[in-house]
Amino acid sequence: MTKKPDGILRKDGVSLLVPFAMITCCFAMWGFANDVTNPMVKSYSTIFQMSVVEGSLVQVAFYLGYFVMAFPAAMFIQRYSFKAGVLMGLGLYAVGALAFIPARATGIYYSFLLAYFVMTCGLSFLETSCNPYIYCMGSEETATQRLNFAQSFNPIGAVTGTIVAWLFVQNQLDPTDSPTRAKLVISDPAQFEAIKNHDLSILIQPYVYIGIVVILLLLAIRLTRMPKASDGGSSKSLGTAIKELAKVKNYREGVIAQFFYIGAQVTCWTFIMHYGHELFCVQGGLTEKAASALSFRYYIAALVLFTLGRFICTWFLKFISPGRLLAILAVAAMACLVGVVLFNDIKGMYCLVAVSGCMSLMFPTIYGIALTGLGENVKFGGAGLIMSILGGSVLPPIQAAIMDTHATVAGLSAVHVSFVVPFICFIVVASYGFRTR
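Below or above, wherever it landed, is the structure these notes cover. Residue numbers restart at each chain and count upward from 1, following the sequence in its written direction. Where local features are concerned, this predicted model is filtered to residues with pLDDT of at least 70; where side-chain atom pairs are given and counted, the filter is 80 or more; whole-chain, interface and lining totals use all residues. No hydrogens and no water enter the side-chain calculation; it runs on all heavy atoms of the structure.

1. Brief notes about the nonpolar core
Among soluble globular proteins, nonpolar side chains are generally buried collectively. Membership of the largest hydrophobic core comes to 144 residues, with the highest contact counts inside it found for Tyr44, Tyr93, Tyr116, Tyr261, Phe419 and Phe426. A helix here means a DSSP run of H or I that spans at least four residues, while a strand means a run of E at least two residues long, and both kinds are numbered starting from the N terminus. Per element, the largest residue contribution to this core is 13 residues, and it comes from helix α7 (residues 109–136). We call a set of buried Ala, Val, Leu, Ile, Met, Phe, Trp, Tyr and Cys residues a nonpolar core when their side-chain atoms join them within 4.5 Å. Exposure categories follow from relative accessible area, calculated using a 1.4 Å probe and restricted to protein chains: below 20% of the type maximum is buried, above 50% is exposed, and the middle band is partly exposed.

2. Considering the packing of aromatic side chains
Working definition: rings of Phe, Tyr and Trp (its six-membered ring) pair if their centres are within 6.5 Å, and the pair is stacked with planes under 30 degrees apart, edge-to-face with planes over 60 apart, and tilted otherwise. For the structure shown, the criterion picks out 27 aromatic pairs. Judged by centre distance (4.5 Å) and plane angle (40°), the ring pair of phenylalanine 27 and tryptophan 30 falls under tilted. On the criterion of helical spacing, the pair formed by phenylalanine 27 and tryptophan 30 is a turn pair, its members being 3 residues apart in helix α1 (residues 17–37). You can call phenylalanine 27 buried: its relative accessible area is 0%. Residue class for tryptophan 30 comes out buried when judged on its relative accessible area of 2%. Centroid distance phenylalanine 100 to tyrosine 116: 4.9 Å. Interplanar angle 85°. Geometry classified as edge-to-face. Of the two residues, phenylalanine 100 sits in helix α6 (residues 100–106) while tyrosine 116 sits in helix α7, which places them 16 residues apart along the sequence. Like tyrosine 116, phenylalanine 100 is buried. Each member of the aromatic cluster is reached from another via a ring pair, and the members are Tyr44, Phe48, Phe62, Tyr63, Tyr66, Phe100, Tyr109, Tyr110, Phe112, Tyr116 and Tyr207. Here, a charge over a ring is recorded when the distance from Lys NZ or Arg CZ to the ring centre is within 6 Å and its angle to the ring normal is within 35 degrees. In this structure, lysine 347 packs its charged tip against the face of phenylalanine 343, placed 5.1 Å from the ring centre.

Shown next, in the form of structure tokens:
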């Protein structure tokens, strides 16, 4: 019998479809966590009556977990296996998600930040495990294409998370607007606390349910036979691996590009709600709730475009080199952000939605390019790229601080001007694409 040739989901004549599908579910799981959280930033600011910067601490806690746990996760995988890393990640994910129950009981903002941190320590384990696992689950020639295919299911989870955030959180929150809540803090603290407690009870629900789903996925993967993918048994130390990685220019620059890409993605998605509030409420005269509802529709449209773009651009990789396509998309994103900053009408929102289409392929493409040729250092190399997700923790507060100035520059509000931050990020990404094309 003639052995079937290797392909994107086949190696040495063995089909890897089932293991690939199981690990790809994890991509959807962290996509859900990311994008059920992004719309919550403004909700926390309203519920706890905080500034934009204080509300953005949700993103600081969220992405700090990625940074802290990436190399410990790589060391864990190095000692055990990719599968063990996936199981540990799912376990921490579930613990963090279920920690929203005691956080709700305390009613203290910082207890929610702790829950986010624990949850994203699990996500860090997952991404550190799953990305290189998919990368190694087949030949290196098809690695970037395979990783892009797996990453295509990440935005499906993201869209699901956004829809859940809208239907089961935002629509259920108390309609009392921010100015009224601010007055209640002084005039009727008991009513303010009642509204806050009601909203927090609604806000934690998606996290509790996804925690249960994650436990079920953990059990399913535990019982599934997974390929080894040459993931264990290496005795190389972390220090040795870092020294070797630091000498690889392509990898060093990839880590920097990933840092700025994640910063751009998080700022564009987190602050689309604030941009919509400025456009539809402050300038358009809609109520705060109506403006929020309309902004959510555009946010969902952005994620749908991101999802479609991931599949379409993966197909384009058959004809265009990853670096060249990355550069083209980054330049297109910069052009869109010029419109986001300069347009004071609905065209600005259209441009902000279009940025998501440009971002669709960036994370897995940077990841795949940076890991090329690393050999046995791929696990620690993957960890360094996951650590660079810290950009999602560092850059949103910078953009939020610009918004909090409430300044006007050449007739443009601080909200519009703040999108200069992701514009600068895409300059770095475009530069990396051009150098690796």
